Amino acid sequence: MDAADVMSDLSEVLYTADEIAERISEVAAQIDEDYEGREVLMVGVLNGAVMVMSDLQRAMTSHVQMDWMAVSSYGSGTQSSGVVRILKDLNTELEGRHVIVVEDIIDTGLTLSYLMSNLASRRPASLEIMTMFSKPEAAEMDVEVKYVGFEIPNQFVVGYGLDYAGRYRNMRDLGILAPHVYA
């Protein structure tokens, strides 16, 4: 699905599929360079990170392993509740591993702060974050992010893995959801 298919539901397109693909390639090249000679375990945060993780790994030239976690703090609303629940934990041991947590978006940082503390307690050799989208204006917790695709305004966005009530995840572009859709 493209933004053009749901344009009446969007107030603006922030990034096109081509712009996203180009930025993913740049981030993949940086990770390849930073971790040259080391094996990386990427931990994707479900469900939103599926698109980012898939495209990022395909753009990389080094071997990468992956695992998944499901963490929730949203419910069906448009803002983080701040209450974090682990719905699915990792299958892989982290001790001594170089771990990159892959996120679709960081807004308040509350969920990610909790997640990073949890993962750090498992004694990885290194622990970094890659997010495709970051909302600096929404930050309530200071979370150090090594790899950022794009900084975006503090608006409710959909597409490229991000949804509203289970919809729009498969949109290749990133757009601001029009208020009439969720009001």
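Quick notes on the rules
- Residues numbered from 1 in each chain as written.
- Predicted model: local features only at pLDDT ≥ 70, side-chain atom pairs only at ≥ 80, totals over all residues.
- Heavy atoms only, no water.
- Buried < 20%, exposed > 50% of the residue type's maximum accessible area, 1.4 Å probe, protein only.
- Helix = DSSP H or I, 4+ residues; strand = E, 2+ residues; numbered from the N terminus.
- Pairing = 2+ DSSP bridges.
- Right-handed = clockwise from strand over helix to strand, strands pointing away.
- Core = buried A, V, L, I, M, F, W, Y, C linked by side-chain atoms within 4.5 Å.
- Contact = heavy atoms within 4.5 Å.
- Salt bridge = Lys/Arg side-chain N within 4 Å of Asp/Glu carboxyl O.

Enquirer: Whenever I open this one, the pairing of strand β2 (residues 40-46) confuses me. Can you help?
Expert: Two faces belong to every sheet, and in a regular strand the side chains alternate between them. Counting buried positions over the seven residues of β2 gives six, a clear majority of the element. Taken together, the seven bridges between β2 and strand β3 (residues 64-72) define a ladder with parallel strand orientation. Residue pairing for β3: Gly 44 is matched across the bridge by Trp 68. Between the parallel elements β2 and β3, the chain passes through helix α2 (residues 49-59) in a crossover that is right-handed. As paired elements, β2 and strand β5 (residues 98-106) share five bridges and run parallel to each other.

Enquirer: I keep staring at the nonpolar core and nothing clicks. Help me out?
Expert: A general trend in soluble globular proteins is that nonpolar side chains are found buried together. Ile 31, Met 130 and Phe 133 are the most contacted members of the largest nonpolar core, which has 29 residues in total. Breaking this core down by element, the ones donating at least two residues are α1 (17-34), β2, α2, β5, β6 (126-134), β7 (147-151) and β9 (174-177). The leading source of residues in this core is α1, at five residues. Those residues in contact with Met 130 that lie beyond four places of it in its chain are Val 27, Ile 31, Val 52, Leu 56, Ile 100, Val 101, Val 102, Glu 103 and Tyr 147. Counting 16 residues, the second largest nonpolar core, distinct from the first, contains Val 43, Val 45, Leu 94 and Leu 112.

Enquirer: When you look at the pattern of salt bridges in this model, what are you seeing that I'm missing?
Expert: Applying the stated criterion to the full structure yields nine salt bridges. The salt bridge involving Arg 23 is made with Glu 26; its shortest N-O contact spans 3.0 Å. Taken together, the residues span about one helical turn, with Arg 23 and Glu 26 both in helix α1 at a distance of three residues. On the accessibility criterion, Arg 23 (22% relative accessible area) is partly exposed. For Arg 122, the salt bridge is made with Asp 89, and the minimal N-O distance between the two is 3.0 Å. Residue Arg 122 is located in the loop between α3 (110-120) and β6, and its partner Asp 89 is located in the loop between β4 (85-88) and β5; the two are separated by 33 residues in the primary sequence. Judged by relative accessible area, Arg 122 falls into the partly exposed class, the value being 23%.

No statement about biological role is implied by the geometric values presented.
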